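Inside the fold
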Amino acid sequence: MHDILDDVLHVWQSGDVAAVATVIRTFDSAPRPVGASMVVGSDGAVSGSVSGGCVEGAVYELAQDVMVSGAPVLTRYGISDDDAFAVGLTCGGTLDVFVQGISRRTFPELDALVADVRGNVPVAVATVVAHADPERLGRRILVGETGVRGSLGSARADDAVADDAKGLLASGRSAVLTYGPDGQRRGEGMDVFVSSHAPPPRMLVFGAIDFAAAVAQQGAFLGYRVTVCDARAVFATPQRFPAAEQVVVAWPHDYLSEQFAAGEVDERTVVCVLTHDPKFDVPLLEVALRIPNLAFVGAMGSRRTHDDRTARLLAAGLTESELTRLASPIGLDLGARTPQETAVSIAAEIIAHRWGGTGEPLRARRGRIHHDAAEAEGTGKYDAV
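This section reports on the structure supplied with the text. (Residues numbered from 1 in each chain as written. Predicted model: local features only at pLDDT ≥ 70, side-chain atom pairs only at ≥ 80, totals over all residues. Heavy atoms only, no water.)

Once their charged atoms are close, side chains differing in charge can pair, the charge on each being opposite to the other. For the structure on display, the rule yields 13 salt bridges. One salt bridge connects Arg232 with Asp230, and the closest N-O pair in it is separated by 2.8 Å. By relative accessible area, Arg232 is classed as partly exposed at 31%. In this structure, a network of salt bridges that share partners links the residues Arg25, Arg76, Asp96 and Asp191. (Salt bridge = Lys/Arg side-chain N within 4 Å of Asp/Glu carboxyl O. Buried < 20%, exposed > 50% of the residue type's maximum accessible area, 1.4 Å probe, protein only.)

Our focus in this paragraph is the sheet that holds strand β14 (residues 270-273). If you walk across this open sheet you meet the six strands as β13-β12-β11-β14-β15-β16, and the pairing is parallel. Edge positions in the sheet fall to β13 (246-249) and β16 (326-327), since each of these pairs with one other strand and no more. By the bridge criterion, four bridges tie strand β11 (residues 202-206) to β14 in an arrangement that is parallel. Following the sheet pairing, Met203 is matched in β14 by Val270. Helix α6 (residues 252-261) contacts β11, β12 (225-230) and β13 of the sheet and is inclined by roughly 160 degrees relative to β11. (Pairing = 2+ DSSP bridges. Helix = DSSP H or I, 4+ residues; strand = E, 2+ residues; numbered from the N terminus. Contact = heavy atoms within 4.5 Å. Axes fitted to C-alpha atoms, helices over the stretch in contact; angles between N-to-C directions.)

Summarising the element assignment, Met190 is placed in strand β10 (residues 190-197). Met190 sits in the buried class, given a relative accessible area of 0%. Sequence separation between Met190 and Tyr179 is 11 residues, and the spatial gap between their C-alpha atoms is 5.2 Å. Dropping the residues within four chain positions of it, Met190 is found in contact with Val128, Ala130, His131, Arg136, Ala157, Leu177, Thr178, Tyr179, Gly180, Pro181 and Gly183.

What follows deals with helix α10 (residues 339-355). Between its terminal C-alpha atoms α10 stretches 24 Å, which fits the 24 Å expected from 17 residues at 1.5 Å a residue. Close packing links the buried residues of α10 with β11, α5 (210-221), β14, β15 (296-299) and β16. Positioned one or two residues after α10, Gly356 has a phi angle of 80 degrees, which is positive. (Expected span 1.5 Å × (residues − 1).)

Strand order in this open sheet of five strands is β3-β2-β1-β5-β4, and the pairing throughout is antiparallel. Of all strands in the sheet, those bounded by a partner on one side alone are β3 (46-48) and β4 (73-78). For this sheet the average axis-to-axis angle between neighbouring strands, irrespective of direction, equals 20 degrees. Across nine bridges, the pairing between strand β1 (residues 18-27) and strand β5 (residues 94-102) is antiparallel. Its bridge partner lying in β5, Phe27 is registered against Thr94.

Per the stated rule, a full pass over the model turns up two aromatic pairs. Measuring from centroid to centroid gives 6.5 Å for Phe206 and Tyr255, while their planes differ by 65 degrees, and the two rings are edge-to-face. Here the residue Phe206 occupies a position in strand β11, and Tyr255 occupies one in helix α6, the gap between them amounting to 49 residues. For the pair shown, Phe206 and Tyr255 are each scored as buried. Consider the rings of Trp251 and Phe280, whose centres lie 5.1 Å apart with planes at 35 degrees: the pair is tilted. Here Phe280 lies in helix α7 (residues 278-288) and Trp251 lies in the loop between β13 and α6, a separation of 29 residues in the sequence. Given the relative accessible area of 40%, Trp251 is considered partly exposed. Since its relative accessible area comes to 6%, Phe280 is described here as buried. Here Arg104 stacks its cationic end above the ring of Trp12, 4.2 Å away from the centre of that ring. (Phe/Tyr/Trp six-rings, centres within 6.5 Å; stacked < 30°, edge-to-face > 60°. Lys NZ or Arg CZ within 6 Å of the ring centre and 35° of its normal.)

Inspection of the secondary structure puts Gly153 in the loop between β8 (147-150) and α4 (155-171). Residue Gly153 is classed as partly exposed on the basis of its relative accessible area, which comes to 35%. Spatially, the C-alpha atom of Gly153 lies 9.8 Å from that of Leu137, the residues being 16 residues apart in sequence.

This part takes up the pairing of β12. Here is the key point about a regular strand: its side chains alternate between the two faces of the sheet. Most of β12 sits out of view: six of its six residues are buried. Where burial is concerned, the two faces of β12 agree: the one with Arg225, Thr227 and Cys229 and the one with Val226, Val228 and Asp230 are both buried. Relative to β12, β11 runs parallel, the two being bridged by five bridges. Each residue of the ladder has a partner; that of Arg202, found in β12, is Arg225. This β-α-β element, β11 to α5 to β12, shows right-handed connectivity. Pairing geometry for β12 and β13, over four bridges, is parallel. (Right-handed = clockwise from strand over helix to strand, strands pointing away.)

The interhelical angle for the contact between α7 and helix α8 (residues 303-315), taken along N-to-C directions, is 50 degrees, at an axis separation of 10 Å. With respect to α8, the element α7 is oriented oblique. Helix-helix and strand crossings are classified by hand; for α7 and α8 the assignment is right-handed. Here Pro278, Asp281, Val282, Leu285 and Glu286 of α7 lie close against α8, whose contacting residues are Arg309, Arg312 and Leu313. Here the contact of α7 with α8 is built from residues that sort into four nonpolar, no polar and four charged. (Parallel < 35°, antiparallel > 145°, perpendicular 65-115°, else oblique. Left-handed = near helix turned anticlockwise from the far one by under 90°. Nonpolar A, V, L, I, M, F, W, Y, C, P; charged D, E, K, R; others polar.)

As structure tokens, this is what we get:
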């Protein structure tokens, strides 16, 4: 929903009403992820997307109906049994879309939500998307550092959903949660979509070289907050790394240790070590590989460099188990030569690592195209991720 927040806020501030359609569940090869949204203004203007084009027309018409009636609607789109080019997904997937009207009356907390998102303050929005009582549909709470704002209709439901929303927010996940009609932990009757708005994940790039500039550009394109760090002030300048949010002059291992101690790295943080100089690499990787929850740690270098670095790390006391977390040489085998091509190969490995991809050509594989992180982790009580 991040990409449409400004458009929704503009309508909200004007006192007008808009309809927002949000993907809350996906099945099989759905074209857009959970959380993808489209906004339709009262003047017919559209921004965002829920399906990449497959069902946008049908959602647009539904959004106009919702603006007139004021009643939220949950609907499912899937491939048509009779005609794959009817209103449905030609890719064969299925998605559930929740459409609701947004205005100052229906969403008085919107400005607070936008302020949190813009300020990189973690906040989750929990919205009732299915309930036997139509008065409960569309009711929501905001769950963040300042507590809970709004209500789902009862204190019991608010407490139960807020607790679960905090867990999803901590991991940056969005999901549909199922409760009894009044928030009971057991039973069915109320579905709540929790949309997590956590700060973007971080990419820490160590080594202020030309490859780092290209990797920073790829990282920013993928939605990471990129920091470039190098101990050499003459190379580590913002002008050389325009795609980076931050350029830091510090010894790499010191900087990473400080960031870890301050709680500024988490299970979504990616570390790319590009210096291929042992006086920088070895102390840095000693720190990185002992931080248990980093999403990815990769290091650039030739195979000879990798072997030498591995020997140095073992001599420094790292275990074989810790070394298995190191992606070295970093990147997938794309035949890359230039810094830009190399950065694409590194980004590709990070994506494959995140979602469990193989790196093989899709034409060489069978079965589902999209991978879900939840498949590897176990979905638990969550209906969708």
